[in-house]
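Reading the structure
As a plain string of letters, each chain reads:
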Amino acid sequence: MKTRKRLRSLGVNMIACLLSLIMLIPIVLILLNSFKTSQAASDMSLALPVGGLHFENYTLVIQKGKLGVTFFNSLLYSSGSVLLCVILSALAAYVLSRNRSRLHRFIYVFIVLGITMPINFVSLMKVMQLTLLQNTRIGIILLYTAIQLPFDVFLIYSFVGKIPRDIDEAAVIDGCTPLRLFYSVVLPLLKPVLVTVMVLTFLNTWNEFVLPLYFLGSSSMWPMTLAVYNFFGMYVTDWNLVSADIVLTVLPVVIVYLLGQKHIVAGMTAGAVKS
Amino acid sequence: MNERKVYPTYFAAGALFLYVILYVFPGIIGIGYAFTDWSVYSKELHYIGFDNFATVFSSNYNYTRYITNTLTFTVVTTVMKNILGIGLALMLTKRIRFLNFHRAVMYVPSVLSALIVGMIFRSILNPKVGLLNVTLRAVGLDGLTMQWLTDSKIAFRSVMAVDIWKGMGYIMTIFIAGIMSISPMYFEAADIDGANSWQRFRYITLPMLSPTLAVTTVLNVIYGLKVFDMVYALTNGGPGYATEVLYTGVYKEFGLGRYAIGTALSSIMFVFMLVVGYFMIRLLTRNEESLA
């Protein structure tokens, strides 16, 4: 009985390791090949790089792929939309959750419906042209904000519901103005969910490339994700360079993921499990 | 305390404004444009009735294929991610070594950009030098080597498989949270009654997970219907129209300047999602009803 149990546990452990390996191989593959010569990387195998690590792939790709500019673009779009999303969705979720009228419930459902709503890119282009946002950095930031607001409002809304109203009442009695109440009393209490919103919005914006594909014509405004794909098209035979470019593009995502893992999981599972 | 004064509605104005102008409004005027002959060449627009929709649903074109492909993709990836997600979650809620490491690794592909995952798998699935075929040849399974992305019979399956690979860790994470929230009392009672592990799963875990399952299904369906990145990066709809989905189709129409068809395709999705989406959102927000 005991040996059977041991064997079973060994089996489960082995399957888990095997599955983790399957998940890791593609990432290891890219990492290894980013340090090879162009010739050695041409067959994209899991062989270890021979003749030392070719770090020059990285310096080469930073120059050739104009990664300095695209990194700055990605950083700008991500942090811009993070900032706007946090402020606007916290404000909205707060008043929509606190007011218990039918109108507010309606507005809330109306906004959250955006989680499922598909974007009509074609007519959106028309709107972008009319609002003079087409081909502008601010336009793309506003777009990223608009499409991520529904989910962010959804996340914060249920969190606001858990903060007791007594706190608000005490603050009002002490003479807080509505803005002051939000800013100095409620906002600090929302910190955990706001961190989740920040991490998720950052990652989503960093990984996204469809909006720039439609709405940013000039490559000088492209974010890293779109630039790496374009680079892939031009240097399809130089897998070592493409791999290095991929590593550099993914690096910020991995760092944010490792730092914010707890918050990502909290956000991703919100609403899915009864608390 | 006066609610309206303490919580002024205009606090929501910024979010509402951006959302309406850049998200809702384009969706609505898109329906209007779907009834015109709008293209990159048109100087003025003409009302042409249901012509665009007639074109989309006509058998002379491949548009219906985009729609059926999108639905196939949605159903297959939803079912597979749910099954694999539950399987992985069951395994990673047991007492095994390096539990947190395994969980983190499974989740990693979900935080990577679909575009980048697509690029990596274009290399792995390369018929000549790709890791998959090379490995299959090395272990003597030459018969299983395939033209993963260029054979029109299996390209779409490959795309779905890569998408499942990328997305199942996310679904697993949700199921893990679901399993952890089941009270251990049920399992203890089952043990006293002498239930075996299959019975524990069938009569406790699965029924208790049904609300979680509903949510993961909703998330997968929303994702599946809107899929673009993965298909664009792996095959861009090819070979032929074998892997074309609705959104890659819209992008092609946009590129060709046939805006009216593009917006008609989008509008079909918009109306469909508005109806289905309402029920999905009610499901996602059901926990809040008690709070409000």
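Note that this is a predicted model, so its numbers are computed, not measured.

1. Considering the overall build of chain A
Secondary structure assignment for chain A yields 13 helices and 0 strands. The order of helices and strands in chain A, counted from the N terminus, is α-α-α-α-α-α-α-α-α-α-α-α-α. For chain A, the spread of C-alpha atoms along the principal axes amounts to about 75 × 70 × 35 Å. Sorting the 275 residues of chain A into buried and exposed places 55% on the buried side. A total of about 12,400 Å² of accessible surface is found on chain A, and carbon and sulfur atoms cover 70% of it. Separation between the mean location of the 20 positive side-chain charges and that of the 10 negative ones in chain A comes to 12 Å.

2. Brief notes about the packing of aromatic side chains
Working definition: an aromatic ring pair is given by the centre-to-centre distance plus the angle between the planes. As enumerated under the stated definition, the model contains 43 aromatic pairs over all chains in all. In this structure, Arg-202 of chain B packs its charged tip against the face of Tyr-203 of chain B, placed 5.1 Å from the ring centre.

3. Considerations on the packing of helix α1 (residues 2-33) of chain A against helix α6 (residues 114-124) of chain B
At a closest axis distance of 11 Å, the pairing of α1 of chain A and α6 of chain B adopts a crossing angle of 85°. Judged by the angle between their axes, α1 of chain A and α6 of chain B are roughly perpendicular. Each of Pro-26, Leu-29 and Ile-30 of chain A in α1 of chain A lies in contact with α6 of chain B, whose residues at this interface are Ile-120, Phe-121, Ser-123 and Ile-124 of chain B. Of the residues assigned to the contact of α1 of chain A with α6 of chain B, the class counts are 6 nonpolar, 1 polar and no charged.

4. A look at the domain arrangement of chain A
With domains assigned, chain A is organised as domain 1 (2-54) and domain 2 (65-234). For domain 1 of chain A and domain 2 of chain A, the distance between their C-alpha centroids amounts to 37 Å.

5. Overview of the interface of chain B and chain A
A common way to express how large an interface is: the accessible area buried when the components associate. Facing the 94 residues of chain B at the interface are 99 residues of chain A. Roughly 9,000 Å² is buried in total at the junction of chain B and chain A, and carbon and sulfur atoms are behind 76% of that figure. Sorting the residues of chain B by area buried against chain A places Tyr-7, Phe-11 and Tyr-23 of chain B first, and these three jointly supply 9% of that buried surface. Put simply, chain B and chain A have 0 salt bridges between them.

6. Overview of empty space enclosed by the protein
Inspection of every chain in the model, using the stated rule, returns 4 cavities of 30 Å³ or more. Surrounding the largest cavity, 40 residues form its lining, Asn-204 and Glu-208 of chain A together with Tyr-223, Lys-226 and Asp-229 of chain B being those nearest its centre. Of all the secondary structure elements, the ones that give two or more residues to the lining of the largest cavity are α7 (137-161), α10 (191-207) and α13 (239-269) of chain A together with α5 (99-111), α8 (155-180) and α10 (197-225) of chain B. A per-element tally of the lining of the largest cavity places α10 of chain A first, with 6 residues. A breakdown of the residues in the lining of the largest cavity according to their chemical character gives 23 nonpolar, 10 polar and 7 charged.

7. What to know about the nonpolar core
Formed by 180 residues in total, the largest nonpolar core has its most connected members in Tyr-94, Ile-156, Phe-215, Ile-246 and Ile-264 of chain A together with Leu-22 of chain B. Taken together, domain 1 (2-54) and domain 2 (65-234) of chain A each give at least three residues to this core, which thus spans both. Those residues in contact with Leu-22 of chain B, other than ones at most four positions away along the chain, are Leu-124, Val-127, Met-128, Leu-133, Leu-142, Leu-143 and Ala-146 of chain A.

8. Brief notes about the side chain of Thr-116 of chain A
Looking at where Thr-116 of chain A falls in the secondary structure, it is placed in the loop between α5 (102-112) and α6 (121-130). Assessed through its relative accessible area of 1%, Thr-116 of chain A is described here as buried. Of the polar contacts made by the side chain of Thr-116 of chain A, one reaches the backbone oxygen of Leu-113 of chain A; its length is 3.0 Å. Excluding anything up to four places from it in sequence, Thr-116 of chain A contacts Ile-222, Lys-226, Met-273, Gly-277, Met-280 and Ile-281 of chain B.

9. Topic: the layout of surface pockets
Roughly 1,400 Å³ of internal volume is contained in the largest pocket. In this structure, the largest pocket is lined by 29 residues; those nearest its centre are Arg-8 of chain A together with Lys-94, Arg-95, Ser-197 and Arg-200 of chain B. Looking at the lining of the largest pocket, the elements that each hand over two or more residues are α1 of chain A together with α4 (63-91), α8, α9 (184-192) and α10 of chain B. Here the lining of the largest pocket is built from residues that sort into 14 nonpolar, 7 polar and 8 charged.

10. Notes on α10 of chain A
Between its terminal C-alpha atoms α10 of chain A stretches 24 Å, which fits the 24 Å expected from 17 residues at 1.5 Å a residue. Burial of α10 of chain A is extensive: 12 of the 17 residues sit out of reach of the surface. Residues of α10 of chain A that are buried include every one of Val-193, Leu-194, Thr-196, Val-197, Val-199, Leu-200, Thr-201, Phe-202, Leu-203, Thr-205, Trp-206 and Asn-207 of chain A, and no others. Buried-residue contacts for α10 of chain A involve α4 (67-98), α7, α9 (178-189), α12 (224-234) and α13 of chain A together with α5 of chain B.

11. Looking at the environment of Asp-43 of chain A
Residues and elements named next belong to chain A. Take Asp-43: it is sitting in the loop between α2 (38-41) and α3 (56-64). Judged by relative accessible area, Asp-43 falls into the partly exposed class, the value being 34%. Expressed as a C-alpha distance, the spacing of Asp-43 and Thr-237, which sit 194 residues apart in the sequence, is 9.9 Å.

12. Thoughts on the side chain of Thr-136 of chain A
In this fold, Thr-136 of chain A is placed in the loop between α6 and α7. Engagement of the side chain of Thr-136 of chain A in a polar contact is seen with the backbone nitrogen of Gly-139 of chain A, the distance being 3.0 Å.

13. Notes on a nonpolar patch on the surface
A contiguous nonpolar surface patch, about 460 Å² in accessible area, is contributed by Val-75, Val-76, Val-79, Met-80, Ile-83 and Leu-84 of chain B. Positionally, Val-75 of chain B belongs in helix α4.

Conventions used here
- Residues numbered from 1 in each chain as written.
- Chains lettered and ligands numbered in written order.
- Predicted model: local features only at pLDDT ≥ 70, side-chain atom pairs only at ≥ 80, totals over all residues.
- Heavy atoms only, no water.
- Helix = DSSP H or I, 4+ residues; strand = E, 2+ residues; numbered from the N terminus.
- Buried < 20%, exposed > 50% of the residue type's maximum accessible area, 1.4 Å probe, protein only.
- Areas by Shrake-Rupley, 256 points an atom, 1.4 Å probe, with all protein chains shown as cover.
- Lys, Arg positive; Asp, Glu negative; His and termini not counted.
- Charge placed at Lys NZ, Arg CZ, Asp CG, Glu CD.
- Phe/Tyr/Trp six-rings, centres within 6.5 Å; stacked < 30°, edge-to-face > 60°.
- Lys NZ or Arg CZ within 6 Å of the ring centre and 35° of its normal.
- Axes fitted to C-alpha atoms, helices over the stretch in contact; angles between N-to-C directions.
- Parallel < 35°, antiparallel > 145°, perpendicular 65-115°, else oblique.
- Contact = heavy atoms within 4.5 Å.
- Nonpolar A, V, L, I, M, F, W, Y, C, P; charged D, E, K, R; others polar.
- Domains from an automatic or database assignment.
- Buried area = accessible area lost by both parts, 1.4 Å probe.
- Salt bridge = Lys/Arg side-chain N within 4 Å of Asp/Glu carboxyl O.
- 1 Å grid on protein atoms, 1.4 Å probe; cavity = no way out; pocket = protein on both sides within 12 Å on 5 of 7 lines; lining within 4 Å.
- Points joined across faces, edges and corners; volume = space filled by probe spheres on them.
- Core = buried A, V, L, I, M, F, W, Y, C linked by side-chain atoms within 4.5 Å.
- Polar contact = N/O pair within 3.5 Å; in protein donor to acceptor, adjacent residues only side chain to side chain.
- Expected span 1.5 Å × (residues − 1).
- Patch = residues over 30% accessible without salt bridge, like charges linked within 9 Å, V, L, I, M, F, W, Y side chains within 5 Å.

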